Amino acid sequence: MDKEYNIISLDKPDDSVWDVVGWGIHNYNIQIAGDTQSKQLCFVLRAPDKKTVGGLIGKTYWDWLYIDLLFVKEELRGRGYGHRLLEMAEDEARKCGVKNVYLDTFSFQAPDFYKQHGYKVFGELKDFPAGHQRYFFTKQLRNRV
């Protein structure tokens, strides 16, 4: 290592760090794998009073959908809202040419929900957090009939 360069720790990366690190890896990925053709997906569940009570946030890129977050307030679970949010995201992804989906969830969250929707575990981290597991799921999207 050159003596002129040093490594420091930051509590939070600022824009200058994102400009170099974030955009640097983004541009490199495009150079190697081609344009991501990414699209942000966000479906919001709103109550009659217009308050947000759940939703799904994800992103499509390179023919994949990544489901980052899916949440429905506890008192509304079991009424089909999660199913509908997931279905809407998958349908929108299909319109973008997406062929596969992936996500992760914890053992105390919704692994059975995803299994019921055709998702398969492809990875597991035990004791993350302690006493629980983190599961990684994938699903091949097929065209709806």
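Residues numbered from 1 in each chain as written. Predicted model: local features only at pLDDT ≥ 70, side-chain atom pairs only at ≥ 80, totals over all residues. Heavy atoms only, no water.

Peer 1: Describe the sheet that holds strand β4 (residues 100–106), listing the residues and the values that go with them.
Peer 2: Pairing is mixed across the open sheet formed by 6 strands, whose spatial order is β1-β2-β3-β4-β6-β5. The sheet is open, and its two edges are formed by β1 (39–46) and β5 (120–126), each paired on a single side. The average undirected angle you get between the axes of adjacent strands in this sheet is 20 degrees. In this structure, strand β2 (residues 52–61) lies alongside strand β3 (residues 64–72), joined through 8 bridges in antiparallel fashion. Looking at β3, one finds that T60 is bridged to L65. The strands that helix α2 (residues 81–95) touches are β1, β2, β3 and β6 (133–140); relative to β3, the one it contacts most, it runs at about 160 degrees. (Pairing = 2+ DSSP bridges. Helix = DSSP H or I, 4+ residues; strand = E, 2+ residues; numbered from the N terminus. Axes fitted to C-alpha atoms, helices over the stretch in contact; angles between N-to-C directions. Contact = heavy atoms within 4.5 Å.)

Peer 1: Give a description of the state of the cysteines that names residues and reports values.
Peer 2: What the rule picks out here adds up to 0 disulfides. Considering cysteine sulfurs only, C96 is the nearest to C42, which forms no disulfide, with 14 Å between them. (Disulfide = S-S within 2.5 Å.)

Peer 1: Residue-level account of the side chain of T105, with values.
Peer 2: Along the chain, T105 falls in strand β4. Side-chain polar atoms of T105 contact the side chain of Q109, separated by 3.1 Å. Reaching out from T105, the side chain makes a polar contact with the backbone nitrogen of A110 at a distance of 3.4 Å. Sequence-distant contacts of T105, defined by excluding residues within four places in its chain, comprise A110, P111, Y114, Q133, R134, Y135 and F137. (Polar contact = N/O pair within 3.5 Å; in protein donor to acceptor, adjacent residues only side chain to side chain.)

Peer 1: Break down helix α1 (residues 15–33) for me, with residues and values.
Peer 2: Residue pairs spaced three or four apart in an α-helix point in one direction, given the helix's 3.6 residues per turn. Between the first and last C-alpha of α1 there are 25 Å, a value that for 19 residues agrees with the 27 Å anticipated at 1.5 Å per step. Of all the bends in α1, the greatest, near 25 degrees, is centred on W23. The first or second residue beyond α1 is G34, which carries a positive phi of 90 degrees. (Expected span 1.5 Å × (residues − 1). Bend = angle between axes of the 7 residues up to and from the residue.)

Peer 1: Help me get a handle on the environment of G54, residues and values and all.
Peer 2: As for its position among the elements, G54 is in strand β2. Its relative accessible area of 10% is what places G54 among the buried residues. When the C-alpha atoms of G54 and L141 are compared, they prove to be 24 Å apart, with 87 residues separating the residues in sequence. Not counting residues up to four positions away in its chain, the partners in contact with G54 are F43, V44, L45, F71 and V72. (Buried < 20%, exposed > 50% of the residue type's maximum accessible area, 1.4 Å probe, protein only.)

Peer 1: Pulling in residues and values, what's your account of a nonpolar patch on the surface?
Peer 2: Together, I25, Y28 and I32 make up an exposed nonpolar region whose accessible area comes to about 330 Å². Positionally, I25 belongs in helix α1. For I25, a relative accessible area of 48% translates into the label partly exposed. (Patch = residues over 30% accessible without salt bridge, like charges linked within 9 Å, V, L, I, M, F, W, Y side chains within 5 Å. Areas by Shrake-Rupley, 256 points an atom, 1.4 Å probe, with all protein chains shown as cover. Salt bridge = Lys/Arg side-chain N within 4 Å of Asp/Glu carboxyl O.)

Peer 1: Which residues make up the nonpolar core, and what values do they have?
Peer 2: Counting residues in hydrophobic clusters, the biggest one holds 21 residues, and the most contacted among them are L56, L65, I67 and Y119. Element by element, the count of residues in this core is highest for α2, at 4 residues. Discounting chain neighbours no more than four positions away, the residues touching L65 are L41, K59, T60, A89, E90, A93, V98, N100, V101 and Y102. (Core = buried A, V, L, I, M, F, W, Y, C linked by side-chain atoms within 4.5 Å.)

Note that every value here comes from positions in space, so none of it alone points to a role or purpose.
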